[in-house]
Amino acid sequence: MVHRRDLNGEVLVFGNQGALWGNAMTWFDHDTGTVWSQPLGEAIVGERKGQALDLMTSQLTSWETWKQDHPGTVTLDAPAGPSRFDLGFLSIVVDFSEEVGVYSVAALNAWGPANDLVAGVPLAVVIDPDREDRWKIFHRRVGDTLLTLSISDGLLVDNETGTTWDPGTGRALDGPLEGEILDSLPGFTSLESDARTFWPDAKYWDG
Amino acid sequence: MSLQPIESNGRYLTSRISPQTCSVGKVVKIVHGLFVLVLVAAAAFWVAKAPSDQSQIGAGPAGLSAGIYDPVRAGEQTPAGFWQLLSRDAILPVYSPTFRSAESTEWPAETLVIGVELNGESKAYPVSFLNRREMVIDWIGGSPVLVTW
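From a predicted model like this one, the values you see are computed outputs, not experimental measurements. (Residues numbered from 1 in each chain as written. Chains lettered and ligands numbered in written order. Predicted model: local features only at pLDDT ≥ 70, side-chain atom pairs only at ≥ 80, totals over all residues.)

Participant: Break down the overall build of chain A for me, with residues and values.
Facilitator: When its secondary structure is counted, chain A shows three helices and 22 strands. The C-alpha atoms of chain A give 18 Å as radius of gyration, which agrees with the globular expectation for 207 residues (17 Å, within 12%). With respect to the principal axes defined by its C-alpha atoms, chain A has extents near 55 × 40 × 35 Å. Counting over 207 residues, chain A shows a buried share of 47%. By sequence separation, contacts in chain A at least 24 residues apart represent 42% of the contacts at least 6 residues apart. (Helix = DSSP H or I, 4+ residues; strand = E, 2+ residues; numbered from the N terminus. Rg over C-alpha atoms; globule rule 2.2 N^0.38 Å. Buried ≥ 20, exposed ≤ 12 C-beta atoms within 10 Å, placed from the backbone. Contact = placed C-beta atoms within 7 Å.)

Okay, structure coming up:
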């Protein structure tokens, strides 16, 4: 997960609290010592209790895919080994505070994009059919047009205009909306069991 | 992403294996003792290895957390299910990350990464490394960020 670590104009430095809450890690800020929950990005014990950090858009994907999409990227100067991790077992979480949506990757692979409305925001959760480790959450409104996205011949296509879109970048490739780019929205991956711990009232999409 | 409750497992096993007076009981006690020893050694290794990685990723302010108020130690109420396992920064965050170009990075293609892009700057963090250090205190595109696993 990636959070902005500024709060009310102040830049915070965080350390590892060394504690678990809800089977997930906790942090502390060096300024007040307040303890924060990682999945919620929210302070749970201490002076800043109740305050929250903004979640940023990030991608959990393979190095090959990331480098292809971001050729100018830099990398953390660190050794990398194989990770025992399979996106297919996870869910994608969209947390807009007032409403949370949880989308099973297995269901997205089986049924195609989830066209949904979370906290009033029309969005589509998409797995690239050519690369199962590349997922995106797109805002599905362009101008005054609300789009419904599906997969056809390896590309996204909207039912409203017939425009085809790159499922990795959200760029319109062909059709009336060619040249437009769908806005990306923040989300992150989680085991569904962990998601149910932190967001028991979320809506769970499984196709 | 999460820590294993080694201490809890130890206590659980202690309660499951009751001492016996027969020879089988002695064997059980010896095996139990060895098992606890292995658990303690594994925990010590886990705690010790994080700081040893510090030299690979810049110089972190080791000991920086000392003296910072800890509401948990001070006895403030924690939510149900809160479990303090290690001391603060026992798994040391990467406080001063350094980076290299994609061209000079020799990770296997299938390496799992967390990628972030903001204001034209993009960075990749290998999950296998984040598994060990868990937190990176960083800046991307001029914004302060916290990368965690």
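Participant: Mind laying out the overall build of chain B, listing which residues take part and the relevant values?
Facilitator: Across its full length, chain B holds three helices and six strands. Starting at the N terminus and ending at the C terminus, chain B contains elements arranged as α-α-β-β-β-β-α-β-β. Long-range pairs, those at least 24 residues apart, make up 52% of the contacts in chain B with a sequence separation of at least 6.

Participant: Describe in detail the sheet that holds strand β11 (residues 100–104) of chain A, supporting the description with residues and values.
Facilitator: All names here are of chain A. Spatially, four strands are ordered β21-β10-β11-β22 in an open sheet, and the strand pairing comes out mixed. With partners counted over all chains shown, the strands left at the sheet margins are β21 (188–190) and β22 (203–205), one partner each. The sheet shows a mean angle of 30 degrees between the axes of neighbouring strands, direction not considered. Here β11 runs beside β22; their pairing, made up of three bridges, is parallel. (Pairing = 2+ DSSP bridges. Axes fitted to C-alpha atoms, helices over the stretch in contact; angles between N-to-C directions.)

Participant: Break down the interface of chain A and chain B for me, citing the residues and quoting the values.
Facilitator: Residue-level contacts link 56 residues of chain A with 62 residues of chain B. Listed by contribution, the elements that provide at least two residues to the side of chain A that touches chain B are β1 (2–4), β4 (14–21), β5 (24–29), β7 (42–45), β8 (59–62), α1 (63–69) and β9 (74–76) of chain A. Here the element with the most residues in the side of chain A that touches chain B is β4(A); it accounts for eight residues. Residues that form the side of chain A that touches chain B fall into these classes: 27 nonpolar, 23 polar and six charged. Pairing of β9(A) with strand β2 (residues 99–101) of chain B involves three bridges; the strand directions are antiparallel. Each residue of the ladder has a partner; that of T75(A), found in β2(B), is R100(B). (Nonpolar A, V, L, I, M, F, W, Y, C, P; charged D, E, K, R; others polar.)

Participant: Pulling in residues and values, what's your account of the sheet that holds strand β14 (residues 135–139) of chain A?
Facilitator: Residues and elements named next belong to chain A. If you trace the three strands from one edge of the open sheet to the other, you get β12-β13-β14, paired in antiparallel fashion. Strands with a single pairing partner mark the edges of an open sheet, and in this sheet they are β12 (114–118) and β14. Each strand axis lies, on average, 30 degrees off the axis of its neighbour in the sheet, ignoring direction. Pairing of strand β13 (residues 121–127) with β14, which is carried by five bridges, proceeds in the antiparallel orientation.

Participant: Explain the domain arrangement of chain A to me, and be specific about the residues and the numbers.
Facilitator: Accessible area lost upon the coming together of the parts is a frequently used measure of interface size. For chain A, the assigned domains read domain 1 (6–45) and domain 2 (63–67 + 86–205). Centre-to-centre separation of domain 1 of chain A and domain 2 of chain A, based on C-alpha positions: 29 Å. (Domains from an automatic or database assignment.)

Participant: Outline unusual backbone geometry, listing residues and values.
Facilitator: All names here are of chain A. Unlike most non-glycine residues, S97 shows phi in positive territory, near 65 degrees. Topologically, S97 is positioned in the loop between β10 (91–95) and β11. S97 gets classed as exposed once you count the C-beta atoms within 10 Å, which come to 11. Even without being a glycine, D153 presents a positive backbone phi close to 50 degrees. Topologically, D153 is positioned in the loop between β17 (149–152) and β18 (155–158).

Participant: Explain the confidence of the model for chain B to me, using residue names and the numbers behind them.
Facilitator: All names here are of chain B. In the predicted model, chain B carries a mean pLDDT of 73, and 57% of its residues have values of at least 70. Averaged pLDDT values over the elements of chain B bottom out at 29 in helix α1 (residues 6–16) and peak at 98 in strand β6 (residues 143–148). The model gives residues 1–22 a pLDDT under 50, and that stretch makes 22 contacts with residues more than four places away or in other chains. (pLDDT = per-residue confidence, 0-100.)

Participant: So what's going on with the pairing of β18(A)? Residues and values would help.
Facilitator: Where a strand is regular, its side chains alternate between the two sheet faces. All names here are of chain A. Bridge count for β17 against β18 is four bridges, and the pairing is antiparallel. Bridge pairing links S152 to L155 in β18. Count of turn residues in the β17/β18 antiparallel hairpin: two residues, of which D153 carries a positive phi of about 50 degrees. Across two bridges, β18 lies against strand β19 (residues 164–165) in antiparallel orientation. Following the sheet pairing, L156 is matched in β19 by W165. Linking two consecutive strands that pair antiparallel, namely β18 and β19, is a turn of five residues; a positive phi of about 80 degrees is found at G162 within it.

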